[in-house]
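The chain contents come next:
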Amino acid sequence: KEIVRLDNVKKSYRMGEVTIHAVDGVSFYIREGEFVVIVGPSGAGKTTVLNILGGMDTCDEGAVLVDGTDISKFRGKKLIEYRREAIGFVFQFYNLIQNLTALENVELAIQICRDPLNAEDALCDVGLKERMQNFPAQLSGGEQQRVAIARALAKNPKLLLCDEPTGALDYQTGKAILKLLQDTCREKKMTVIVITHNQAITPMADRVIKIKNGRVSSMTENPNPMPVE
Ligand code: ADP
Ligand code: ADP
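The rules behind each value
- Residues numbered from 1 in each chain as written.
- Chains lettered and ligands numbered in written order.
- Predicted model: local features only at pLDDT ≥ 70, side-chain atom pairs only at ≥ 80, totals over all residues.
- Heavy atoms only, no water.
- Pairing = 2+ DSSP bridges.
- Helix = DSSP H or I, 4+ residues; strand = E, 2+ residues; numbered from the N terminus.
- Axes fitted to C-alpha atoms, helices over the stretch in contact; angles between N-to-C directions.
- Contact = heavy atoms within 4.5 Å.
- Near = heavy atom within 4 Å.
- Polar contact = N/O pair within 3.5 Å; in protein donor to acceptor, adjacent residues only side chain to side chain.
- Areas by Shrake-Rupley, 256 points an atom, 1.4 Å probe, with all protein chains shown as cover.
- Nonpolar A, V, L, I, M, F, W, Y, C, P; charged D, E, K, R; others polar.

Participant: Explain the sheet that holds strand 10 (residues 215-221) to me, please; I cannot follow it from the model alone.
Facilitator: In any sheet, the strands associate via hydrogen bonds between backbone groups, in a parallel or an antiparallel arrangement. Pairing is mixed in the open sheet, where 6 strands are placed in the order 6-7-8-3-9-10. Both edges of this open sheet fall to strand 6 (87-90) and strand 10, since each of them pairs with a single strand only. The sheet shows a mean angle of 15 degrees between the axes of neighbouring strands, taken without regard to direction. Relative to strand 9 (residues 207-212), strand 3 (residues 35-39) runs parallel, the two sharing 4 bridges. Of the residues in strand 9, the one forming a bridge with Ile38 is Ile209. Sheet contacts for helix 5 (residues 141-154): strand 6 and strand 7 (159-163); angle to strand 6, the most-contacted strand, approximately 170 degrees.

Participant: Honestly, the site of ligand 1 in this entry has me stumped. Any pointers?
Facilitator: In the vicinity of ligand 1, the contacting residues are Tyr13, Met15, Ile20, Ala22, Pro41, Ser42, Gly43, Ala44, Gly45, Lys46, Thr47 and Thr48. Taking Gly45, its main chain carries an N or O atom lying 2.9 Å from an oxygen atom of ligand 1. Here Thr47 contributes a backbone N or O atom positioned 2.8 Å from an oxygen atom of ligand 1. Burial of ligand 1 by the protein chains amounts to 63% of its free accessible area of 560 Å². Of all the elements in the fold, those that place two or more residues in the shell around ligand 1 are strand 1 (2-15), strand 2 (18-31) and helix 1 (46-53). Top element by residues in the shell around ligand 1 is helix 1. It accounts for 3 residues. Each residue belonging to the shell around ligand 1 can be placed in one class, and the counts come to 6 nonpolar, 5 polar and 1 charged.

In structure tokens form, the structure reads like this:
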């Protein structure tokens, strides 16, 4: 089943006299339960595409279908509700609240969700059973990213969107996070979309979307994705 379809999506930013075409006619589709990698050089438009898909930004033109609904015209309350119910976000620098424990971070995020999962279960699922009462500063980078992943998954979202989730981690820790994301995709049948500038992780994806200069330069399906080991 198709869960995402972007059709000729455009977004530009005006900076005084200059107009930057950040996203310049992007089209692609994603099937439910896929592990998708969006790859491309810095400045290519990857984050803008992800933010439009996640309702963090709006596009100027085109259609953004998520589970059959065009969200591109959503504004205000509708956009907030879409972001709250349908989307889990994972960022490069975790974006945890420093004066809340791991458990409180997850609980706060799901407080207003309609159909959340249990916060403790979500933390157990990412391997943090023993760390729930710790504050972010007491956790390693990899553990903090696990809290962020638990927080996103506890919302029980349709899409898990990850923007350079390993960008702040060392190689081994990054690999473990990548493995967690791939396992989550397989075990929970979650649609997971990961942005990276690193070509090395494309063999692990079911689908690779390459973005260059605001456009899709290629989209490939991988019939035999490699497990992250
Ligand atoms: P990537 O994620 O591939 O590095 P981005 O989507 O962040 O690329 O950026 C694409 C282009 O749009 C870049 O040239 C960037 O400078 C520009 N851009 C992104 N966000 C803004 C903004 N809020 N205002 C102005 N320009 C922006
Ligand atoms: P970045 O510049 O974003 O840190 P990296 O080269 O570190 O890019 O790659 C991102 C993450 O992907 C790394 O943290 C690493 O753990 C993981 N990774 C990279 N290459 C491989 C690979 N061949 N197999 C498994 N994991 C990989």
